[in-house]
Amino acid sequence: MGSVNDSDPFPTALKVLIAGGFGVGKTTMVSAVSEIEPLSTEELLTQVSASTDSLEGVEDKSTTTVAMDFGRISLGGTHVLYLFGTPGQERFWFLWDELSAGALGAVVLADTRRLEDCFAAVDFFERRGIEFIVAVNEFDDAYRYEPEEVRAAIDLKPEVPVVLCDARDVASSTNVLVSLVQHLIDTRSQHADVI
Amino acid sequence: MTEPVEGPWLDGDAGRLVRPYTVSDGRTKPSTHFDLLTLVMATGNRPHHYLGPDHTHVLGLCRGPLSVAEIAAHIRQPAVVTKVLLSDLVDCGAITARAPDRAPLGPHSTDRDLLEAVLDGLRKRL
Ligand SMILES: Nc1nc2c(ncn2[C@@H]2O[C@H](COP(=O)(O)OP(=O)(O)OP(=O)(O)O)[C@@H](O)[C@H]2O)c(=O)[nH]1
Ligand SMILES: [Mg+2]
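Computed from a predicted model, the values in this text were never measured in an experiment.

Caption draft 1: The side chain of His55(B), seen in detail. Residue and element names in this part refer to chain B. Among the secondary structure elements, His-55 is positioned in helix α1 (residues 53–61). A relative accessible area of 10% places His-55 in the buried class. One polar contact links the side chain of His-55 to the main-chain carbonyl oxygen of Leu-51, over a distance of 3.4 Å.

In structure tokens, the structure reads:
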């Protein structure tokens, strides 16, 4: 717990993940809401997949990396929200373990033309108990589904919100984040009522 | 000496090929634990010895609070290499670091306040 101190120069850093299948609009959404040019950070594939204790000799090796886009939203000087677009390729998802540790929650982006592409992300967050909402990115040439049709198709739990969005639009993408945080608050007050 | 590994990782799906350990002097384990969201900032204390160009570059970026992820992006080095450079700077007193609060959210009033603050901040952007 960080102590509350007027002279504390550090804001509270928070993290939200933007996940979903290949080419669904994750980078587009991060760019739309970020106050900085979206940046990209790299992890070494060998570093995260190998045991870090046995790296003797590894300094001679070249290694490939996988990049994660991220953006930043400063919230009134006291909080900074970082948005990480997760790698679209499923085989890089072991990286999500570090990314998802300590995340407030996640947005699973879905494309109605390829809804099954978001199953893996939904499954990932359900298994780890990370709260998420589903945002349907409405591509121009896609058939428009009602949120409830999408919910049925993905077999989502009734409490998981489904919203529609245009990932290119700042207000629309910001609204997705608002829906996520509102969902987190709602879930918490329900728990508090039970206890 | 081990031969450079060629093979499964070197394909088009993965990112660029790097030889990062020259910057971190062969080290891959930072002395301090860093998360991608750890925030760092210069203390204003000048290190006693010359740090070299990579450390000096990183230190120059640390004027305001910045996350490890951002610094890694700016210096175009993988996160693990960036963490090694930053831990050197912490060790010599040139920067301070603040780990993110990683406790999972629970039904606590402080968590609720946190979420309300985030919600407020987001709504102001609409
Ligand atoms: N028409 C339309 N195009 C979009 C929308 N969102 C994204 N795109 C386009 O779809 C393409 C893929 O978007 P990205 O944001 O790169 O998708 P991604 O999920 O980051 O892709 P990967 O990182 O490769 O998995 C880009 O050409 C975008 O311009 C949208 O809401 N409507
Ligand atoms: Mg992308």
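That was the structure; now back to the text.
Caption draft 2: Representation of the site of ligand 1 in the model. Residue and element names in this part refer to chain A. Gly-23, Lys-26, Thr-27, Thr-28 and Asn-137 are the nearest of the 15 residues found near ligand 1. In this structure, an oxygen atom belonging to ligand 1 sits 3.0 Å away from a main-chain N or O atom of Gly-23. The separation between an oxygen atom of ligand 1 and a polar side-chain atom of Thr-28 is 2.4 Å. Here ligand 1 loses 68% of its free accessible area of 650 Å² to cover by the protein chains. Sort the elements by how many residues they give to the shell around ligand 1 and helix α1 (residues 26–33) lands first, with three residues. Grouping the amino acids of the shell around ligand 1 by side-chain chemistry returns four nonpolar, seven polar and four charged.

Caption draft 3: Expanded view of the confidence of the model for chain A. All names here are of chain A. In the predicted model, chain A carries a mean pLDDT of 85, and the fraction of residues at 70 or more is 85%. A low-confidence stretch, residues 1–5 (pLDDT under 50), is modelled with three contacts involving residues beyond four sequence positions or located in other chains. Across residues 48–60, confidence stays below pLDDT 50; counting only partners more than four residues off in sequence or on other chains, it has 18 contacts.

Caption draft 4: Here's a closer look at the nonpolar core. Residues and elements named next belong to chain A. Judged by nonpolar contacts, the single largest core of 40 residues is most densely connected at Phe-84, Phe-125 and Phe-132. Top contributing element to this core by residue count: helix α4 (residues 119–128), with four residues. Residues Leu-14, Leu-81, Ala-135 and Leu-177 belong to the second largest nonpolar core, which totals 31 residues.

Caption draft 5: View of the pattern of salt bridges. All chains considered together, the criterion is met by 15 salt bridges over all chains. In this structure, Arg168(A) engages Asp140(A) in a salt bridge whose closest nitrogen and oxygen atoms are separated by 3.5 Å. Highlighted residues: Arg168(A) in the loop between β7 (162–165) and α6 (170–194) and Asp140(A) in the loop between β6 (132–137) and α5 (147–154), separated in sequence by 28 residues. Like Asp140(A), Arg168(A) is exposed. A salt bridge links Arg112(B) to Glu116(B); the nearest nitrogen and oxygen atoms lie 3.1 Å apart. With Arg112(B) and Glu116(B) both in helix α4 (residues 109–124), this residue pair falls four residues apart, about one helical turn. Under the relative-accessibility criterion, Arg112(B) is labelled partly exposed at 32%.

Caption draft 6: Broad picture of the packing of aromatic side chains. Residue and element names in this part refer to chain A. Scanning the entire structure with this criterion turns up six aromatic pairs over all chains. A centroid spacing of 4.9 Å and a plane angle of 80° characterise the contact between Tyr-143 and Tyr-145, whose relative ring orientation is edge-to-face. What makes Tyr-143 exposed here is its relative accessible area of 59%. Assessed through its relative accessible area of 31%, Tyr-145 is described here as partly exposed. Of note, Arg-113 hangs over the ring of Phe-139, and the distance from its end group to the ring centre comes to 4.5 Å.

Caption draft 7: Representation of the packing of α1(B) against helix α3 (residues 79–91) of chain B. All names here are of chain B. Two numbers describe how α1 lies on α3: the axes approach to 10 Å, and their chain directions differ by 80°. Between α1 and α3, the angle is such that the two are roughly perpendicular. Packed against α1, whose contacting residues are Asp-54, His-55, Val-58 and Leu-59, the element α3 presents Leu-85, Leu-86, Asp-88 and Leu-89 at the interface. Its residues placed into classes, the contact of α1 with α3 shows five nonpolar, one polar and two charged.

Caption draft 8: Representation of the sheet that holds strand β2 (residues 39–42) of chain B in the model. Residues and elements named next belong to chain B. In spatial order, the strands read β3-β2-β4; together these three strands make up an open sheet with antiparallel pairing. In this open sheet, the two strands that pair with only one neighbour each are β3 (66–67) and β4 (95–98). When β2 meets β4, the two strands line up antiparallel, connected through four bridges. Residue pairing for β4: Val-40 is matched across the bridge by Ala-97.

Caption draft 9: Quick peek at the environment of Leu44(A). Residue and element names in this part refer to chain A. The residue Leu-44 is located in strand β2 (residues 39–44) in this model. A residue is classified by how much of its surface remains accessible, and Leu-44, at 0% relative accessible area, is buried. In the structure, Leu-44 is positioned 51 residues away from Leu-95 in sequence and 9.9 Å away in space, judged by C-alpha atoms.

Caption draft 10: Seen up close, unusual backbone geometry. The residue Asp155(A) is not glycine, and still its phi comes out positive at about 60°. Structurally, Asp155(A) can be placed in the loop between α5 and β7. By relative accessible area, Asp155(A) is classed as exposed at 66%. A positive phi angle, close to 55°, is found at Arg76(B), a residue other than glycine. Locating Arg76(B) in the fold gives a position in the loop between α2 (68–75) and α3.

Each value, and the rule that gives it
Residues numbered from 1 in each chain as written. Chains lettered and ligands numbered in written order. Predicted model: local features only at pLDDT ≥ 70, side-chain atom pairs only at ≥ 80, totals over all residues. Heavy atoms only, no water. Helix = DSSP H or I, 4+ residues; strand = E, 2+ residues; numbered from the N terminus. Buried < 20%, exposed > 50% of the residue type's maximum accessible area, 1.4 Å probe, protein only. Polar contact = N/O pair within 3.5 Å; in protein donor to acceptor, adjacent residues only side chain to side chain. Near = heavy atom within 4 Å. Areas by Shrake-Rupley, 256 points an atom, 1.4 Å probe, with all protein chains shown as cover. Nonpolar A, V, L, I, M, F, W, Y, C, P; charged D, E, K, R; others polar. pLDDT = per-residue confidence, 0-100. Contact = heavy atoms within 4.5 Å. Core = buried A, V, L, I, M, F, W, Y, C linked by side-chain atoms within 4.5 Å. Salt bridge = Lys/Arg side-chain N within 4 Å of Asp/Glu carboxyl O. Phe/Tyr/Trp six-rings, centres within 6.5 Å; stacked < 30°, edge-to-face > 60°. Lys NZ or Arg CZ within 6 Å of the ring centre and 35° of its normal. Axes fitted to C-alpha atoms, helices over the stretch in contact; angles between N-to-C directions. Parallel < 35°, antiparallel > 145°, perpendicular 65-115°, else oblique. Pairing = 2+ DSSP bridges.

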